[in-house]
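What follows is the residue order along each chain.
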Amino acid sequence: MNIRFSDKTDVPQLKHIWKVCFGDSDDYINMFFQHLYTPGQTVVACSGETAIGVVYLLKASLLHRDFLYGYAIGVLPEFRGNSVCQKMLEFIREEAKQNNVLFGLHPANDKLFSFYKRIGLEEMYCLKTIDASHFNGFASFNMSDISAHDYFHLREQAFAPLVSWDEKMLAYMITEARSTGGFAKKILIDGRERILLGRVYDKTVFVKETTMSDEEIKTGSQFLKQYFHAEKIIYTLPEISALKGKTDTTILGFDSGRHGIYMNLFLD
């Protein structure tokens, strides 16, 4: 088995791996390759000349240091059980160490969380999930679609320290959210601009990211439920939020945890 960085001739095989592993539509897969695929940031496992596994590395930054996020990690079913994923991550660990960059990923489920910990990844960053459906404040506010430029600046002002995505990456995330039935909004509360990104599913508003304060969440959640014609509203918030909820480790990687660092909007 050979582990290396990708080149553009791998693309047809990489799309095949994506299709087999995740079952996404061709349009979705093509959108990713058009906007985010970078050969030198894609690690491929090969058996002979055939790509059998892949890790896409999406670039962010933390406190003037590059952060690489492992995304869409896939291994063809017939090659699983041969430590392919572990060997790709070992390759990435060495590259990260040599180049003084950070690496992290978001396990899609508890089984993968346990697997990644078993092969040596450490717990890094946490987020808090809170159910705000019971808050009965009656504040209302103006809402409008938001550009990636505005989203970036409002996000940077609100969260510190944070793993920062650039405008190009945020533009992709906003486009992806909207194309899959989600929303990305700017809201105005008493003259203060806030961001709101998420989706509505099964009569529940899932807010993946917001810069609303705890008090604004208490007073504004009823309005948001009504606006989106939902019965419940769930927020993902920084772990420092004082609202009662469940805090979970959401990022594993090759670095020990650092309390208070905010990382969200990882593609999952």
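Located above this text is the structure these notes cover.
Here the residue numbering is sequential within each chain, running from 1 through the sequence in written order. Residues qualify for local features only when their pLDDT is at least 70, as the model is predicted, and side-chain atom pairs are given and counted only at 80 or more; totals for whole chains, interfaces and linings, by contrast, use all residues. The basis for the side-chain values is all heavy atoms of the structure; hydrogens and waters are excluded.

A. Quick peek at unusual backbone geometry. Here the residue pair A160 and P161 is connected by a cis peptide bond, since its omega of -10° sits within 30 degrees of zero. Working definition: helices are DSSP H or I runs of at least four residues, strands are E runs of at least two. Numbering for both runs from the N terminus. In this fold, P161 is placed in the loop between α5 (148-158) and α6 (167-179). Residues other than glycine seldom take positive phi values, yet N100 does so here, at roughly 55°. Position of N100 among the secondary structure elements: in the loop between α3 (84-99) and β5 (102-105). A positive phi angle, near 55°, is found at D202, a position not held by glycine. Note on placement: D202 falls in the loop between β9 (192-201) and β10 (204-210). Judged by relative accessible area, D202 falls into the exposed class, the value being 62%. Categorising residues by exposure relies on relative accessible area from a 1.4 Å probe, with only protein chains included: less than 20% of the type maximum marks a residue as buried, more than 50% marks it as exposed, and the intermediate range marks it as partly exposed.

B. Inspection of the environment of S83 at higher detail. Along the polypeptide, S83 turns up in the loop between β4 (65-75) and α3. By relative accessible area, S83 is classed as partly exposed at 38%. Expressed as a C-alpha distance, the spacing of S83 and G137, which sit 54 residues apart in the sequence, is 52 Å.

C. The arrangement of helix α1 (residues 11-22) in detail. Here α1 is 12 residues long and its end C-alpha atoms lie 16 Å apart, about the 16 Å a rise of 1.5 Å per residue gives. For α1, the full list of buried residues reads V11, L14, I17 and W18. Projection of α1 onto a plane perpendicular to its axis shows the buried side chains occupying an angular sector of 115°, all on one side. Any two residues whose heavy atoms approach within 4.5 Å at even a single point are treated as in contact. Where the residues of α1 are buried, they touch α2 (26-35), β2 (42-47), β3 (50-62) and β4. Just beyond α1, the residue with positive phi is G23, at close to 70°. Helix span, expected: 1.5 Å multiplied by one less than the number of residues in the helix. Picture the helix axis, draw a direction to every C-beta atom, and the arc is the one those directions span.

D. Local environment of the side chain of E239. Looking at where E239 falls in the secondary structure, it is placed in the loop between β11 (232-238) and β12 (246-253). The positive count covers Lys and Arg only, the negative count covers Asp and Glu only, and His and the chain ends enter neither. Only one rule defines a salt bridge in this text: a Lys or Arg side-chain nitrogen within 4 Å of an Asp or Glu carboxyl oxygen. One buried charge, E239, has no salt-bridge partner; the nearest side chain with opposite charge is K128, at 8.2 Å. N or O atoms within 3.5 Å of each other form a polar contact, as long as, within protein, one can give a hydrogen and the other can take it, and as long as residues adjacent in sequence are counted only when both atoms are side-chain atoms. For E239, the side chain forms a polar contact with the main-chain nitrogen of G260, separated by 3.1 Å.

E. The sheet that holds β10, seen in detail. The sheet built from 12 strands is open, its strands ordered β1-β2-β3-β4-β5-β12-β6-β11-β10-β9-β8-β7 with mixed pairing. Here the strands that pair on one side only, and so sit at the sheet edges, are β1 (2-5) and β7 (142-145). Here the average twist between neighbouring strands, direction ignored, is 30°. Following DSSP output, two strands are said to pair if at least two bridges run between them. As paired elements, strand β6 (residues 122-131) and β12 share seven bridges and run antiparallel to each other. By the bridge assignment, T129 is partnered in β12 with K246. The sheet contacts of α6 involve β3, β4, β7, β8 (182-189) and β9, and relative to β8 the element is tilted by about 110°. Lines fitted to the C-alpha atoms define the axes, with helices restricted to the stretch that makes contact. Angles between their N-to-C directions range from 0 to 180 degrees.

F. Here's a closer look at α3. Taking 1.5 Å per residue as the helical rise, α3 with its 16 residues ought to reach 22 Å, and the 23 Å between its terminal C-alpha atoms agrees with that figure. Looking only at α3, the buried set comprises V84, C85, M88, L89, I92 and A96. Take α3 and look down its axis: the buried residues cluster within an arc of 125°, on one side only. Those residues of α3 that are exposed and angled more than 90 degrees off the buried face are K97 and Q98. Contacts made by the buried residues of α3 are with β1, β2, β3, β4, β5 and α4 (110-118). A positive phi of about 55° marks N100, the residue just after α3.

Take it as geometry only, folks, not as evidence of what the structure does.
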